[in-house]
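Fold and geometry: a report
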Amino acid sequence: MSVVSLYCKPSPLRDWLTCYKGRIDDSEPFVESYVPIVRALLGRFIVEHGRAMAALSDGLDGVVVVPSTDRPGPHPLEEIIRSLELDIPVLPILRRGHGDLGFRKPSRYGYEATGTGHTGRRLVVVDDVYTTGARINSAAYALTQAGCTVGAAVVVARRVNPGYSEAAQEFWNGQREKTFDWTTSPVVSEGNQE
């Protein structure tokens, strides 16, 4: 999995990734000016790492965005990715399943592939935020059950909660000491850094 950046709450990156689509309950409204910021973050990452991801995956046939847990589709990230005019299509082949997804609670039935003819497709799965991995792992499971190969996963940001544990605080402090560089992405160690 590739991570463009890390954030904790509160932060501008957290606000951009929440309000570029807004919350359904309007507790954090849509902010149109944040859409180009998210587009620029993802676009720059693809410029820097797209060829390497495709090579490591033995080529890619499409991009699949992880559907929102409770927002009707399409996911706003799909339109952003389409606007990047990539050489591979955005494939809206996942939908929310009947499984119960939650914080640290992946589900084999959280998502399901739609349609047929997916066997052998090599895909990159994209999401805007990774907190515990429940959603992106559940999405990857559904795609592999449909016969796809998930060759890569990309998230715009990994949420870190430094107050969760001493290890999380140490991880956050270590990452903050590093100078951001587009040619590398943050190193996320094994285990949760909540």
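Describing the environment of F45
- Relative to the helices and strands, F45 is located in helix α2 (residues 35-56).
- Sequence spacing of F45 and S185 is 140 residues, and the spatial spacing of their C-alpha atoms is 8.9 Å.
- The residues touching F45, leaving out its near neighbours within four places in the chain, are S2, V3, V4, G50, M53, V154, W182 and S185.

Details of the nonpolar core
- Ranked by size, the top nonpolar core spans 26 residues in total, and within it L17, L42, L77, I81, V124, V126 and V154 carry the most contacts.
- Those elements that place two or more of their residues in this core are β1 (2-7), α1 (12-19), α2, β2 (62-65), α3 (76-83), β5 (122-130) and β6 (149-159).
- Excluding anything up to four places from it in sequence, L77 contacts Y20, V38, L42, V65, V126, D127 and D128.
- C8, I93, I136 and A139 belong to the second largest nonpolar core, which has 23 residues in total.

Considerations on the packing of α2 against α3
- Look at α2 against α3: their axes get within 10 Å of each other, and the N-to-C directions meet at 60 degrees. It follows from the interaxial angle that α2 and α3 lie oblique. For the pair α2 and α3, the sense of crossing is right-handed. The residues of α3 that touch α2, namely those facing V35, V38, R39 and L42, are L77, I80, I81 and S83.
- The residue makeup of the contact of α2 with α3, split by class, is 6 nonpolar, 1 polar and 1 charged.

Regarding the confidence of the model for the chain
- For the chain, per-residue confidence averages 91 on the pLDDT scale, and residues scoring 70 or more make up 95% of the total.
- Overall, residues 188-194 carries pLDDT values under 50, and its contacts beyond four positions in sequence, including any with other chains, amount to 27 contacts.

As for the pattern of salt bridges
- Enumeration according to the criterion identifies 10 salt bridges in this entry.
- Of the charged contacts in the structure, one is a salt bridge between R23 and E28, with a shortest N-O distance of 2.8 Å.
- Exposure remark for R23: the relative accessible area of 38% places this residue in the partly exposed category.
- Among the charged side chains, a salt-bridge network with shared partners connects R14, D15, R23 and E28.

A short note on α2
- In this model α2 runs 29 Å from its N-terminal to its C-terminal C-alpha over 22 residues, within 8% of the 32 Å that 1.5 Å per residue would give.
- At H49, α2 shows its largest bend, some 60 degrees.
- Considering only its buried residues, α2 is in contact with β1, α1, α3, β5 and β6.
- Of the residues flanking the end of α2, it is D58, one or two places downstream, whose phi is positive at about 60 degrees.

Some words on the pairing of β2
- A two-sided burial pattern is seen for β2, the buried positions comprising G62 and V64 on one face and V63 and V65 on the other.
- Pairing between β2 and β5: 4 bridges, direction parallel. The residue bridging V65 from the neighbouring strand is V126, located in β5.

Basis of the calculations
- Residues numbered from 1 in each chain as written.
- Predicted model: local features only at pLDDT ≥ 70, side-chain atom pairs only at ≥ 80, totals over all residues.
- Heavy atoms only, no water.
- Helix = DSSP H or I, 4+ residues; strand = E, 2+ residues; numbered from the N terminus.
- Contact = heavy atoms within 4.5 Å.
- Core = buried A, V, L, I, M, F, W, Y, C linked by side-chain atoms within 4.5 Å.
- Buried < 20%, exposed > 50% of the residue type's maximum accessible area, 1.4 Å probe, protein only.
- Axes fitted to C-alpha atoms, helices over the stretch in contact; angles between N-to-C directions.
- Parallel < 35°, antiparallel > 145°, perpendicular 65-115°, else oblique.
- Left-handed = near helix turned anticlockwise from the far one by under 90°.
- Nonpolar A, V, L, I, M, F, W, Y, C, P; charged D, E, K, R; others polar.
- pLDDT = per-residue confidence, 0-100.
- Salt bridge = Lys/Arg side-chain N within 4 Å of Asp/Glu carboxyl O.
- Expected span 1.5 Å × (residues − 1).
- Bend = angle between axes of the 7 residues up to and from the residue.
- Pairing = 2+ DSSP bridges.

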